[in-house]
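So the chains spell out like this:
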Amino acid sequence: MTMTNIISIKNFRMQFGKATVIKDLSFDVKRGETFGFLGSNGSGKTTTIRALLGIYQPTSGDLLIDGKPYTVSGDIKLGYLPEERGLYKKESVLDIMTYFGQLKGMSRADARKASLAYLRRVKLEDKATTRLDKLSGGQQQKIQLGITIMDDPELLILDEPTKGFDPVNRKLLMDIIEEHQAKGATVVMVTHQMEEVERLCDRIILLKDGKAHAYGTIAEVKKKFGNKSLDDIFLKVYGDENATEEED
Amino acid sequence: MHNLGTVIRFEITRALKKKSFWIMALGFPIMLAAIFGIVFLSNKTTDQAVKDLEKQKFSLQVTDESTLVNPALLTAVKATTITNKQQGIDNVKNGTVDGYIYYPADLTKQPIEVYGKDVGMFDNGRYEGVARALLLNSVQSTVSPQVSSVIQGNTPTNLTTYRGSEVYDPLKQMIIPGIFLVLFYMLIAFFGNQMLVSTTEEKENRVIEMILTTIEARTLIIGKIISLISLAFLQGLVIIVPALVGYLLFHEQLSLPSFDLTSLPVDWGRIGVGALIFATSFILFTGLLVLIGSSVPTAKEAGGFIGIIMMLIFGPLYAAPLFISQPDSPFVHFLSLFPFTAPIPLLLRNAVGNLQSWEIMLAIPIILVSAVIVLNLAVRVFRFGALEYSRKLSLKEIFGK
């Protein structure tokens, strides 16, 4: 595994009107690692991801994937599961998956094949021709996850991937992430689930007040906080904040 | 424009799968067919009315103080004559007869009075039909067919007008270029709302982030616009083809003016100009509707703007007489050159044939440039307003980003 940087963020600053969400953020994600992006609600995690993917224009700083700003026409195969979940509700599951597969560069036949294989795996093959809005919330989440991973992306960015999943589906998701890790994919996880972080992540960053509060391997971060558990560290760092449910 | 074909196919396919599309597409031709069907069924000649009377065998009494009605015709329809008007009315009231007609002595000063037993909204017309038919046929029988034709205004005329030494029929000349005006009106009227809400779906369904990280916003918008235009043309065909077939097959039965379509003058210059104005205007307004849709969070909010856009597009129709009678007035020039009011004046004036060359040379580039600007703004707004799920973008934000 070559450990060059696949993501490189330097002196990132993001302002919305008069509010500065990110003050000065710099970190790297190495190719092939699983990286945990942690922070309380409103700390700027999702904003950082959106700026990295070109959805937001950064106020200043460099946010690079494979050495350049991300564009959809670039070479990297990206799988992005946003925090705001949703798909075309009035179309059938298979049509939606095939459409996104084609947008990701797959042929129509390959996209259908990959979609059906995924649906079999998550036990939704009988829902292939069902309209998405006829599925339960959890089932819709699975479809969105399937779209995220259907072309075997080399970079997976998952923003709170287990949000809304029951324990069974959470395990399924963890298994899928591990499979992609094994294939050499880089995984960036935005999460509040410390158990998942412990299980999957190589390195983490804790975001606070628009800056990196801690950054390194899990062992390094734990050492910085007197070898406490990640749950305790999270509570210590963010416990004094009035957590809100606003956009990160 | 990678993936443009995929977007167009997806958008068209899912639109064609919707029942609402087909209800809208087929609703208008079905409504037209129903209207023409009613006209066809009620288009009976007066002679036919007399024949129907014989067949229907409804009883009729007549008082003829005008002495114009031919007694032989009354016998033919088995009508009896009485001299007392009130008696005739009473006979209808008490059911002795179905109908009673009173012809006054001076028909120029008094109306024919017709009384009848109610047989329904549509069939009640038979009494008046018979009253007129009896009188008309009676009077016609006293004069020569030629005099009868002149009195009835049936004398045919044949007008030939010239522009220079060439035969020029303004009405026929405007038919083919005028099709672009009708098409533009119908497509915007039918598809305006669909264009307006075409981009709100991504926002409402929260699919926007997945989309923006998979496909260029420009590709998505252009793909949506092309698919909307394709669907609009399909809608146009669904309207025009049955109307044309219906006209060719039934125009005589429907008493529609008879045109020899093959003799319609084909002015390729005006057709070309009409096509260009139509195409650029259609792109401009599609872009404008998509732009508005992109700047608001929901289809419901977008719907509030449709009235304003329709007023902008079709408001100039109120000045239509001016476009024909005073094509050189500054007001007409302004409406013809301001991009958001230009389509109707330009298309109408092109059809009528009073659009000047300099106006064409100026107006089409203005609309085209406006369309490009609006399309770019639509992409920009979609891109930057993408994550505004709960509020609409301000003008400052649209132009200031």
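Since the model is a prediction, treat every value here as computed from it, not as a measurement.

The rules we used
- Residues numbered from 1 in each chain as written.
- Chains lettered and ligands numbered in written order.
- Predicted model: local features only at pLDDT ≥ 70, side-chain atom pairs only at ≥ 80, totals over all residues.
- Heavy atoms only, no water.
- Helix = DSSP H or I, 4+ residues; strand = E, 2+ residues; numbered from the N terminus.
- Buried < 20%, exposed > 50% of the residue type's maximum accessible area, 1.4 Å probe, protein only.
- Contact = heavy atoms within 4.5 Å.
- Areas by Shrake-Rupley, 256 points an atom, 1.4 Å probe, with all protein chains shown as cover.
- Salt bridge = Lys/Arg side-chain N within 4 Å of Asp/Glu carboxyl O.
- Pairing = 2+ DSSP bridges.
- Right-handed = clockwise from strand over helix to strand, strands pointing away.
- Expected span 1.5 Å × (residues − 1).
- Domains from an automatic or database assignment.
- Patch = residues over 30% accessible without salt bridge, like charges linked within 9 Å, V, L, I, M, F, W, Y side chains within 5 Å.
- Phe/Tyr/Trp six-rings, centres within 6.5 Å; stacked < 30°, edge-to-face > 60°.
- Lys NZ or Arg CZ within 6 Å of the ring centre and 35° of its normal.
- Buried area = accessible area lost by both parts, 1.4 Å probe.
- Polar contact = N/O pair within 3.5 Å; in protein donor to acceptor, adjacent residues only side chain to side chain.

Before going further, it helps to spend a moment on the overall build of chain B. The helix and strand tally for chain B stands at 19 helices and 6 strands. Looking at chain B as a whole, 44% of its 401 residues are labelled buried. Across chain B, contacts joining residues at least 24 apart in sequence account for 73% of those joining residues at least 6 apart. When the accessible surface of chain B is split by element, carbon and sulfur atoms take 66% of a total near 20900 Å².

Okay, the pattern of salt bridges next. Using the criterion set out here, one finds 23 salt bridges over all chains in the structure. A salt bridge links Lys163(A) to Glu83(A); the shortest N-O distance between them is 4.0 Å. A residue pair is termed long-range when its members are at least 10 positions apart, and Lys163(A) in the loop between strand S6 (155-159) and helix H5 (167-182) and Glu83(A) in the loop between strand S5 (78-81) and helix H2 (93-103) qualify at 80 residues. On the accessibility criterion, Lys163(A) (37% relative accessible area) is partly exposed. The exposure class assigned to Glu83(A) is buried, which follows from its relative accessible area of 15%. The partner of Glu113(B) in a salt bridge is Lys85(B), with the nearest N and O atoms 2.8 Å apart. A residue pair is termed long-range when its members are at least 10 positions apart, and Glu113(B) in strand S4 (residues 113-116) and Lys85(B) in helix H5 (residues 85-93) qualify at 28 residues. Overall, Lys85(B) belongs to the partly exposed group, its relative accessible area being 28%.

Residues and elements named next belong to chain B. With 4 of 5 residues buried, strand S1 (residues 60-64) lies mostly within the body of the structure. Pairing analysis gives 2 bridges linking S1 to strand S2 (residues 80-81), with the strands arranged parallel. Note on S2: the bridge partner recorded for Gln61 is Thr80. A crossover connection joins S1 to the parallel S2 through helix H4 (residues 71-76); in handedness this β-α-β unit is right-handed.

So, on to helix H4 (residues 137-149) of chain A. Residue and element names in this part refer to chain A. Under the 1.5 Å per step criterion, the end-to-end length of H4 is 19 Å for 13 residues, consistent within 8% with the ideal 18 Å. Burial analysis of H4 places 10 of its 13 residues in the buried class, which makes it a mostly covered element. Within H4, burial applies to Gln140, Gln141, Lys142, Ile143, Gln144, Leu145, Gly146, Ile147, Thr148 and Ile149.

The domain architecture assigned to chain B consists of domain 1 (56-151) and domain 2 (169-400). For domain 1 of chain B and domain 2 of chain B, the distance between their C-alpha centres works out to 54 Å.

All names here are of chain B. A contiguous nonpolar surface patch, about 790 Å² in accessible area, is contributed by Ile179, Leu237, Ile240, Val241, Leu244, Val245, Leu248, Leu249 and Phe250. With respect to the helices and strands, Ile179 occurs in helix H8 (residues 170-196). Using a relative accessible area of 41% as the deciding quantity, one classes Ile179 as partly exposed.

Moving on, we come to the packing of aromatic side chains. In this structure the tally under the stated criterion is 22 aromatic pairs over all chains. Residues Tyr99(A) and Phe100(A) carry aromatic rings whose centres are separated by 5.7 Å and whose planes lie at 65° to one another, so their mutual orientation is edge-to-face. For the pair Tyr99(A) and Phe100(A), one class covers both residues: buried. Through pairs of rings, three or more aromatic residues link up here, namely Phe180(B), Phe184(B), Phe233(B), Phe278(B), Phe282(B), Phe285(B), Phe334(B), Phe338(B) and Phe340(B). The aromatic ring of Tyr102(B) is capped on one face by Lys85(B), whose charged end is 4.7 Å from the ring centroid.

Listed by partner, the interface residues are 28 residues for chain A and 25 residues for chain B. Overall, the association of chain A and chain B removes approximately 2600 Å² of surface from exposure, summing both partners, and the carbon and sulfur fraction of that is 60%. Taken together, chain A and chain B are joined by 4 salt bridges. Here Arg50(A) makes a salt bridge to Glu209(B), at a shortest N to O gap of 2.8 Å. Where chain A touches chain B, the interface holds 9 residue pairs in polar contact (both at pLDDT 80 or more). Counting only elements with at least two residues in the side of chain A that touches chain B, the list comes to S5, H2 and H4 of chain A.

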